[in-house]
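Descriptive structure summary
Given next are the chains, with one letter for each unit.
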Amino acid sequence: YTSDALNPEWLYIGTVPAGGGGARELKVQYILPEGELQAVRINFRYKGSVSVCSGGNYDEADELAFTVVTKTPTRSTSSHSSAPSLYPSNTPTLRPSLKPSTLPSNLPSNAPSEFPSLSSSAKPSQTPSVTPSLQSSSSPSIFTSPSLSPSQSPSAPPTTTPSTNPSYLPTFTSFFTPSISPSSQSSLLPSWAPSIIETMVNGGPQTAIFDNNIGAPRCFDVGVECNPGTLMEGRASLGPELSSPNTIDGCRDGTVGKYLRDESIERVVVRAGDVESTEEMNLTEGMRATITATVHAWSSGQDDRADFFYASNAANPTWEFLGTLIPPSGGLQELKMAYTLPPGSLQAVRVGFRYKGSLNACSPGNYNDRDDLVFSVASGTSAPTSAPTPSNHDAIYDSGLGIPICAQFGNSCDSLSLLNSRGESIGISEENAPNTLDSCKDGASGTYHSDESIDRIVVKSGEIDGTGSDAALTSHRRATIIASVFAFGTGTNDYADFYYTNNLENPSWTYIDTVSPAGGGVQELKVSYDLPQGKRQAVRVNFRYRGSISPCSGGNYDDHDDLAFTVSPGI
């Protein structure tokens with residue numbers, strides 16, 4: 001903007017990415033200076049750097065002059081939350097941007113001194129070197145599209161990232177909403193301007209930019225939300241994904257398949273509050289936050305899994321597992337998981353989206369995609385160290401483990417119908433048989449609900465009588481296993497052997513007890529035991545016709561089923 005349209009001296013306000021292709025509305029707020037005839041300029045550029053007149057082949061600069069009434073400045077009473085916004089909806093862009101936004105490598109003369117300066121009145125003598133002479137051939141164009149050099153390729157990561165937080169940017173009511181601190185007010189506002197920074201800044205939604213030093217999209221300022229826009233769309237060369245792999249530790253994505261047919265993560269957003277919360281508050285230590293992953297699932301989505309992780313220190317991440325979700329169907333889906341933000345001023349989340357396979361922060365797979373999002377967190381007064389509030393969880397089948405698992409902390413884990421029946425030869429097939437970690441096979445003789453079968457397993461906290469059932473499943477505390485079985489005849493020749501393990505990858509089964517059914521038909525058999533140390537544990541029920549105690553008795557009528565679940569480490 002300039003306060004004198006007849007003798008302009010342009011002052012920098014801020015930079016806003018388009019946020020998508022096609023027609024867009026971009027908005028920014030600023031304080032009108034003194035002056036009767038003022039003007040604003042918008043310099044719309046392809047790549048390049050911040051400039052009043054960037055001069056690129058595809059760049060356009062336009063001005064608008066207007067008359068301003070002279071008035072004594074007063075404090076603004078409007079709040080940030082009531083300002084208009086162009087913040088995008090959760091509907092993902094179906095095609096990746098052909099022109100990845102880059103962080104300004106040069107700033108105007110009124111920017112903070114630690115950044116390079118650029119004359120705000122002189123026109124650049126040549127087109128910025130980062131701007132290719134013609135657009136990419138992947139968008140409709142009347143131009144012939146030559147090959148771009150690696151430095152110009154849209155899939156190449158931006159090469160300029162600030163070494164400090166971009167506090168020079170004001171708050172925008174738009175897709176791009178970085179904020180400034182009150183201490184920066186004097187460098188951005190004239191001395192006569194009212195002190196309204198407190199009303200302009202309340203966090204607001206933040207848009208991530210790619211941080212070369214970290215290797216992932218990052219929101220430098222604290223806000224109610226961190227959103228990477230289009231930076232994650234695609235998977236590796238499919239799309240392509242900008243700045244792939246978008247992971248802090250360089251975990252690589254699979255490169256097989258076709259974009260928006262096979263698996264990909266399109267966007268990961270972190271927002272303050274629980275899944276259904278609408279409260280506007282900053283991301284703060286000890287408070288709840290929700291991760292929303294927009295993914296593209298293959299086919300029906302039932303073979304895909306989204307694993308959620310967090311790290312309290314994005315600079316040196318140790319990934320903590322939160323849970324696993326299955327897309328309800330194929331195509332674009334939103335998967336959400338809430339958790340409590342730990343202590344740490346710069347945190348990160350990771351979503352690993354995989355085709356089958358097993359749980360891992362960097363699971364190998366030709367169709368797998370991993371993306372990280374780094375964000376700033378406000379200091380809390382008392383960040384909790386205890387486990388999240390417990391709740392009941394239903395298991396999902398994990399094709400990597402070969403058994404059902406409850407991937408989130410809770411006070412119970414229920415297999416529901418995933419274990420119903422025995423094997424595949426007694427009239428009704430057991431889904432994903434044999435449902436054992438070590439592939440212990442079920443007997444193939446008999447008829448469903450005439451002969452033996454395990455139909456359901458539940459693990460819950462506390463004793464058999466329900467004492468302690470309102471607490472989370474926690475190491476060194478009591479838990480109860482409930483096995484719903486079908487017993488043959490009067491049940492007098494059937495036995496259920498109960499086991500547990502705290503190592504899912506290499507299980508060593510520890511015997512708990514053996515229980516006989518009280519009669520024939522559907523019966524509930526229960527045992528309680530002490531949960532050992534270990535975050536991911538499992539139980540086995542070995543239901544046999546006669547025979548002897550064993551974790552895998554192998555009789556013709558015997559059924560063996562496992563159920564895995566997540567355990568809180570306790571205090």
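Everything that follows concerns the structure shown earlier in this document.
The structure contained in this document is the topic of the report that follows.

Conventions used here
Residues numbered from 1 in each chain as written. Predicted model: local features only at pLDDT ≥ 70, side-chain atom pairs only at ≥ 80, totals over all residues. Heavy atoms only, no water. Phe/Tyr/Trp six-rings, centres within 6.5 Å; stacked < 30°, edge-to-face > 60°. Helix = DSSP H or I, 4+ residues; strand = E, 2+ residues; numbered from the N terminus. Buried < 20%, exposed > 50% of the residue type's maximum accessible area, 1.4 Å probe, protein only. Disulfide = S-S within 2.5 Å. Pairing = 2+ DSSP bridges. Axes fitted to C-alpha atoms, helices over the stretch in contact; angles between N-to-C directions. Core = buried A, V, L, I, M, F, W, Y, C linked by side-chain atoms within 4.5 Å. Contact = heavy atoms within 4.5 Å.

Where two aromatic rings form a pair, the distance of their centres and the angle of their planes describe that pair. Scanning the entire structure with this criterion turns up ten aromatic pairs. Centroid distance Tyr310 to Tyr339: 5.3 Å. Interplanar angle 25°. Geometry classified as stacked. Here Tyr310 is found in strand β11 (residues 304-311), whereas its partner Tyr339 is found in strand β13 (residues 331-340), with 29 residues between them in sequence. Summarising the burial analysis for this pair, Tyr310 and Tyr339 share the class buried. Grouped by ring-pair contacts, the aromatic residues Trp298, Tyr355 and Tyr367 constitute a single cluster.

All chains considered together, the criterion is met by four disulfides. Each disulfide pairs two cysteine sulfurs, and for Cys219 the partner residue is Cys226, the sulfurs being separated by 2.1 Å. Between Cys219 and Cys226 the disulfide shows an S-S torsion of about 95°. By sign, it is right-handed. In terms of burial, Cys219 and Cys226 fall into one category: buried. The side chain of Cys406 participates in a disulfide bridge whose partner is Cys413; the two sulfur atoms lie 2.1 Å from each other. One disulfide, between Cys406 and Cys413, carries an S-S torsion of 90° and so falls in the right-handed class.

Let us look at the sheet that holds strand β22 (residues 494-501). Pairing is mixed across the open sheet formed by six strands, whose spatial order is β17-β18-β26-β25-β22-β23. Strands at the two margins of the open sheet, each flanked by one partner only, are β17 (396-398) and β23 (510-515). When the angles between neighbouring strand axes are averaged without regard to direction, this sheet yields 30°. Both strand β18 (residues 403-406) and strand β26 (residues 559-566) contribute to a ladder of two bridges, which runs parallel. Pairing of Ile405 across the sheet is with Ala564, part of β26.

Let's shift gears to unusual backbone geometry. A cis amide bond links Gly239 with the next residue in sequence, Pro240, at an omega value of -5°. In this structure, Pro240 sits in the loop between β8 (225-227) and β9 (264-272). The omega torsion of the bond from Ser244 to Pro245 falls at 15°, within 30 degrees of zero and hence cis. Summarising the element assignment, Pro245 is placed in the loop between β8 and β9.

Turning our attention to the nonpolar core. Within soluble globular proteins, side chains that are nonpolar tend to cluster in buried spots. Core analysis: the largest hydrophobic core is formed by 30 residues, its most contacted members being Ile291, Phe308, Tyr339, Val349 and Phe375. Listed by contribution, the elements that provide at least two residues to this core are β9, β10 (288-297), β11, β12 (320-325), β13, β14 (346-355) and β15 (369-376). The biggest single contributor to this core is β10, with five residues. Those residues within four positions of Phe308 in sequence are excluded, and the remaining contacts are Ile291, Ala293, Glu320, Phe321, Leu322, Gly323, Leu325, Leu335, Met337, Arg350 and Val351. With 29 residues, the next largest nonpolar core counts Cys406, Phe498, Val527 and Tyr529 among its residues.

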